[in-house]
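Geometric and topological summary
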Amino acid sequence: MKRFARSILVMAVSSLALVSTTSRDAVAQAGRNAPKPASGSDSAMARYAARIVETADRAIGAVAFLTPEDVVDLVKGSITASSPPERRSFDSTGRLALHALGEIERRTKDFDVVAPPAQLERAHAQMMAALQRVSQGLTLLVRQTTRCKSRPGDFAYCSTPLTDATIDVMGGEREYDEARGRAARLLGEQGLSLSDRPSTKR
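Because the structure is a prediction, the values reported are computed rather than measured.

Turning our eyes to something else, we now look at the packing of helix H5 (residues 121-149) against helix H6 (residues 155-189). Axis separation between H5 and H6 bottoms out at 8 Å; the angle between their running directions is 160°. Judged on the interaxial angle alone, H6 and H5 are roughly antiparallel. For the crossing formed where H5 meets H6, the hand is left-handed. Tallied by class, the residues present in the contact of H5 with H6 amount to 19 nonpolar, eight polar and nine charged.

Encoded structure:
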């Protein structure tokens, strides 16, 4: 049963990583295909594009510490009795998640007060929803890594909440990239470009 559960988890996380990579590639292509803005442009849309890069992109960049491989390693520690290195894995992941949570909450509040141009209101709302989903996942990840340290080897207690948390984090990141891609296309229609979001994953 444990071997089957581990296999299902690895397959699910691998699929999520593939979807995330495909989404990121599509967003990057949209940014490359968009026309460059006219020199000296001071339009509201140009200012909004700058806020996406300066605020929202930095918020989502806070989750760069978490990869699908990290999730598999963490859940392995909940399937078998944890050795000291695995307990440190919970510790380090919890600290990184807590730091990322503070960063994303601060920058999400800054982005929330940005008034988007009418054409970009929907994309703005979608990016906000994605950032909030990531924040929710990080909150659960912080809580669960702390709990799992005290119950090593308890698969039922640790694996499902850990998986749920990381699905929210990585799923929110994917949704952010999709919404950002829509914003990039709308900006492109106005002769403006949105630079590619830097890839910060290991």
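Back to the write-up after that little detour.
What follows covers the nonpolar core. Among the nonpolar cores identified, the biggest contains 43 residues, and Ile52, Phe111, Met127, Leu131, Leu138 and Tyr176 are the most heavily contacted of them. Looking at this core, the elements that each hand over two or more residues are helix H2 (44-60), helix H3 (68-79), helix H4 (84-112), H5 and H6. Aside from chain neighbours lying at most four places away, what touches Leu131 is Ala56, Ala59, Ile60, Ile104, Thr108, Phe111 and Tyr176.

Structurally, Asp168 is set in helix H6. Of note is the side chain of Asp168, whose polar atom sits 2.9 Å from the side chain of Arg133. Excluding residues that lie within four positions of it along the chain, Asp168 makes contacts with Arg133, Val134, Gln136 and Gly137.

Per the stated rule, a full pass over the model turns up eight salt bridges. The salt bridge partner of Arg106 is Glu103, with a shortest N-O separation of 3.2 Å. With Arg106 and Glu103 both in helix H4, this residue pair falls three residues apart, about one helical turn. A salt bridge links Arg133 to Glu175, with the nearest nitrogen and oxygen atoms 2.6 Å apart. Taken together, the residues Arg133 in helix H5 and Glu175 in helix H6 connect sequence positions 42 residues apart. Given the relative accessible area of 21%, Arg133 is considered partly exposed. On the accessibility criterion, Glu175 (27% relative accessible area) is partly exposed. Within the structure, one salt-bridge network assembled from shared partners comprises Glu103, Arg106 and Arg107.

Parameters at a glance
Residues numbered from 1 in each chain as written. Predicted model: local features only at pLDDT ≥ 70, side-chain atom pairs only at ≥ 80, totals over all residues. Heavy atoms only, no water. Axes fitted to C-alpha atoms, helices over the stretch in contact; angles between N-to-C directions. Helix = DSSP H or I, 4+ residues; strand = E, 2+ residues; numbered from the N terminus. Parallel < 35°, antiparallel > 145°, perpendicular 65-115°, else oblique. Left-handed = near helix turned anticlockwise from the far one by under 90°. Nonpolar A, V, L, I, M, F, W, Y, C, P; charged D, E, K, R; others polar. Core = buried A, V, L, I, M, F, W, Y, C linked by side-chain atoms within 4.5 Å. Buried < 20%, exposed > 50% of the residue type's maximum accessible area, 1.4 Å probe, protein only. Contact = heavy atoms within 4.5 Å. Polar contact = N/O pair within 3.5 Å; in protein donor to acceptor, adjacent residues only side chain to side chain. Salt bridge = Lys/Arg side-chain N within 4 Å of Asp/Glu carboxyl O.

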